[in-house]
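Letter by letter, the chains look like this.
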Amino acid sequence: MEIQKILSFAIYVGEVMLRSGAETYRVEDTVTRILSIHNFSRTDIFVTPTIITASVTNKGVPVTAIRRIKDRVNRLDKIELINQLSRDYVNKTYSTEQAKLRLREIDAIAPYSFWLIFWMSGISAGCFAAMFNGGVMEFIVCLVTGCFISYVQRVLSNRGVVRYLTLFIVSFCIGSIVMSILYFYPILSMDAMIIGCIMTLVPGVAFTNAIRDTIGDELISGMSRAVEALCIALVIAVGVSLPITIYLMLGGTL
Amino acid sequence: MIIQFISSYIATLSFCIIFNVLKKHLYLCGFVGAVGWTIYYFLAKHCLLTEVFSSFIAALVVTSISNLLSRRRHAPITIFLIPGIIPLVPGIGLYRTAYYLLFKDFPQATEAALTAFQVSGVIAASITIVAFLPAIFTPAKK
């Protein structure tokens, strides 16, 4: 009985970490540490971005658990709290039961409120425009567009629209807004405005993590993350380039 | 330069809130990102180094700072690392690659793709280097 309880706790930890967007090696490391204090004769953990498997062998009898992970989001706060929890658990501050309760609490923590994220998306878009040599006008355009797209993203994801379609619609909105402003004020910098707005969407971190995973010998994770990053980049580029094509057909110049 | 520092500070900080970093780390995360971007900008625009080399130096500094901070504040390194490398990672490069491919501008697309690949390669490399530096200089375990 004991072995199953421990295994179900350990795999729950891994599941919450993966759903919060933790790296593959971190999940493997944490789950291995949690299982290692119980002196099982053998433990094997296999983690990819979408699935986690843990198998424990005790006195020749293997026990295995699998969890499928869907919809990953970025929750760095949960990763930090779980890191603390697993350290406490390894130091035997918590029993398995207590740790599981604490884990449920961590899993239920609410993210920052929508309106804060709404304003912050706008501000970050504006500041990225400034970083890529945009002026005051570009800053304002990106500020408004950033807030608008975070609202659109929220509405679409609440209705269960698939992630790639959401990205396509959002980047199409960005392209249309920027190009229609550019049509009337051609002196503004198109590069700064588009880059500022799509900076919150592009998969730079995912691509770098893909290479990190490959360096760390997590070959399957590395490949799947790289393909994911490339597909996201492609979707965004398609969404942005449609309005640009229309703008060129209407006689605008880049 | 000062505008670059301030805007990258605020941009990184807002990104941290979107990524749900705990409140007590927010100002430090912004600082890490701003330092990385300012170093990159200075090297690339004023010292005229290549994009890849500037990213490498900036990422080394970002990784070392995040390593120090994570020890100091007992938090996993990811909390400081992800916000820190956000201004440096080649998300825009990947977007440009796909964009040029759609407009059939193959030479530009190849260039953008290779640069994006190199930049994320050197960032990943610098993270690995900093992670294993202590292991190189400590005596091997028996």
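About the thresholds
- Residues numbered from 1 in each chain as written.
- Chains lettered and ligands numbered in written order.
- Predicted model: local features only at pLDDT ≥ 70, side-chain atom pairs only at ≥ 80, totals over all residues.
- Heavy atoms only, no water.
- Axes fitted to C-alpha atoms, helices over the stretch in contact; angles between N-to-C directions.
- Helix = DSSP H or I, 4+ residues; strand = E, 2+ residues; numbered from the N terminus.
- Parallel < 35°, antiparallel > 145°, perpendicular 65-115°, else oblique.
- Left-handed = near helix turned anticlockwise from the far one by under 90°.
- Contact = heavy atoms within 4.5 Å.
- Nonpolar A, V, L, I, M, F, W, Y, C, P; charged D, E, K, R; others polar.
- Buried area = accessible area lost by both parts, 1.4 Å probe.
- Salt bridge = Lys/Arg side-chain N within 4 Å of Asp/Glu carboxyl O.
- Buried < 20%, exposed > 50% of the residue type's maximum accessible area, 1.4 Å probe, protein only.
- pLDDT = per-residue confidence, 0-100.
- Core = buried A, V, L, I, M, F, W, Y, C linked by side-chain atoms within 4.5 Å.
- Domains from an automatic or database assignment.
- Pairing = 2+ DSSP bridges.
- Expected span 1.5 Å × (residues − 1).
- Polar contact = N/O pair within 3.5 Å; in protein donor to acceptor, adjacent residues only side chain to side chain.

**Topic: the packing of helix 1 (residues 2-19) of chain A against helix 2 (residues 24-36) of chain A**
Residue and element names in this part refer to chain A.
Logical step 1: At a minimum axis distance of 9 Å, the contact between helix 1 and helix 2 shows a crossing angle of 160°. Viewed along their axes, helix 1 and helix 2 adopt a mutual orientation that is roughly antiparallel. Judged by the twist between their axes, the crossing of helix 1 over helix 2 is right-handed. Packed against helix 1, whose contacting residues are Ile6, Leu7, Phe9, Ala10, Val13, Gly14, Met17 and Leu18, the element helix 2 presents Arg26, Val27, Thr30, Val31, Ile34 and Leu35 at the interface.
Logical step 2: When its residues are assigned to classes, the contact of helix 1 with helix 2 shows 11 nonpolar, 2 polar and 1 charged.

**Some points on the packing of helix 9 (residues 204-215) of chain A against helix 10 (residues 219-249) of chain A**
All names here are of chain A.
Logical step 1: Between helix 9 and helix 10, whose axes approach to 8 Å, the crossing angle comes to 160°. Classified by the angle between their axes, helix 9 and helix 10 sit roughly antiparallel to one another. Where helix 9 crosses over helix 10, the two elements pack in a sense that is left-handed. Mapping the contact onto sequence places Ala206, Phe207, Asn209, Ala210, Asp213 and Thr214 in helix 9 and Leu219, Ser221, Gly222, Arg225, Ala226, Ala229 and Leu230 in helix 10.
Logical step 2: Split by residue class, the contact of helix 9 with helix 10 holds 7 nonpolar, 4 polar and 2 charged.

**Brief notes about the interface of chain B and chain A**
Logical step 1: At the interface, 51 residues of chain B touch 55 residues of chain A.
Logical step 2: Contact between chain B and chain A buries roughly 4500 Å² in total, counting both sides, with carbon and sulfur atoms accounting for 74%.
Logical step 3: For the chain B face of the interface with chain A, the top three residues by lost area are Asn20, Leu94 and Tyr95 of chain B, together amounting to 15%.
Logical step 4: Scanning the region where chain B abuts chain A turns up 1 salt bridge.
Logical step 5: A salt bridge links Arg96 of chain B to Asp191 of chain A, with the shortest nitrogen-to-oxygen separation between them at 3.1 Å.
Logical step 6: Looking at the side of chain B that touches chain A, the elements with two or more residues in it are helix 1 (2-18), helix 2 (26-46), helix 4 (78-85), helix 5 (91-102) and helix 6 (106-137) of chain B.
Logical step 7: Looking at the side of chain B that touches chain A residue by residue, the class counts come to 36 nonpolar, 12 polar and 3 charged.

**So, the pattern of salt bridges**
Residues and elements named next belong to chain A.
Logical step 1: Going through the model one piece at a time under the given rule, you end up with 15 salt bridges over all chains.
Logical step 2: For Asp77, the salt bridge is made with Arg75, and the minimal N-O distance between the two is 3.1 Å. We note that Asp77, like Arg75, is buried.
Logical step 3: Across the pair Arg225 and Asp213 runs a salt bridge whose closest N-O atoms are separated by 2.9 Å. With Arg225 in helix 10 and Asp213 in helix 9, this pair connects stretches of sequence that are 12 residues apart.

**Focus: the confidence of the model for chain B**
Logical step 1: Mean pLDDT over chain B: 88, with 99% of residues reaching 70 or higher.
Logical step 2: Model confidence for the complex: the whole-complex pTM is 0.87, and ipTM, which rates the interface, is 0.86.

**Describing the nonpolar core**
Logical step 1: Of all hydrophobic cores here, the largest spans 111 residues; its most connected members are Leu35, Ile194 and Ile198 of chain A together with Tyr95 of chain B.
Logical step 2: Here this core gets 11 residues from one element, more than from any other, and that element is helix 1 of chain A.
Logical step 3: Here this core gathers at least three residues from each of two domains, domain 1 (2-107) and domain 2 (114-249) of chain A.
Logical step 4: Here Tyr95 of chain B is in contact with Ile194, Ile198, Val202, Ala233, Ile236, Ala237 and Val240 of chain A, once residues within four sequence places are set aside.
Logical step 5: In this structure, Ala226 and Ala233 of chain A together with Ala116 and Ala124 of chain B belong to the second largest nonpolar core, which totals 9 residues.

**Notes on the pairing of strand 1 (residues 42-48) of chain A**
Residue and element names in this part refer to chain A.
Logical step 1: Relative to strand 2 (residues 51-58), strand 1 runs antiparallel, the two sharing 7 bridges. The partner of Phe46 across the bridge, within strand 2, is Thr53.
Logical step 2: Linking strand 1 back to strand 2 in an antiparallel pair, the connection comprises 2 residues.

**Describing helix 10 of chain A**
Logical step 1: Compared with the 45 Å implied by 1.5 Å per residue over 31 residues, the 45 Å span of helix 10 of chain A between its first and last C-alpha is a close match.
Logical step 2: Positive backbone phi, at 95°, marks Gly251 of chain A, one or two positions downstream of helix 10 of chain A.

**Notes on the domain arrangement of chain A**
It is common to report an interface's size as the accessible area lost on association of the parts.
All names here are of chain A.
Logical step 1: As assigned here, chain A comprises domain 1 (2-107) and domain 2 (114-249).
Logical step 2: Contact with domain 1, which involves 10 residues of that partner, is made by 9 residues of domain 2.
Logical step 3: Summed over both partners, the interface of domain 1 with domain 2 comes to about 700 Å²; 41% of that surface belongs to carbon and sulfur atoms.
Logical step 4: Applying the counting rule to domain 1 against domain 2 returns 2 salt bridges.
Logical step 5: At the surface where domain 1 touches domain 2, the tally comes to 5 residue pairs in polar contact (both at pLDDT 80 or more).
Logical step 6: Listed by contribution, the elements that provide at least two residues to the side of domain 1 that touches domain 2 are helix 2 and strand 1.
Logical step 7: Grouping the constituent residues of the side of domain 1 that touches domain 2 by class yields 5 nonpolar, 2 polar and 3 charged.

**Overview of the environment of Thr48 of chain A**
All names here are of chain A.
Logical step 1: Mapped onto the secondary structure, Thr48 falls in strand 1.
Logical step 2: It is 9.4 Å that separates the C-alpha atoms of Thr48 and Glu23, two residues lying 25 residues apart in sequence.
Logical step 3: The contacts of Thr48, once residues within four sequence positions are left out, are Leu18, Ile220 and Ser221.

**What to know about the sheet that holds strand 2 of chain A**
All names here are of chain A.
Logical step 1: Reading across the sheet, the 3 strands line up as 1-2-3 and stay open at both edges, with antiparallel pairing between neighbours. Strand pairing shows two members of the sheet lacking a second neighbour, strand 1 and strand 3 (61-68), which therefore form its edges. Ignoring which end each strand starts from, the neighbouring axes of this sheet average 10° apart.
Logical step 2: Summarising the sheet, strand 2 and strand 3 pair through 8 bridges and their orientation is antiparallel. Across the sheet, the residue bridging to Ser55 is Thr64, located in strand 3.

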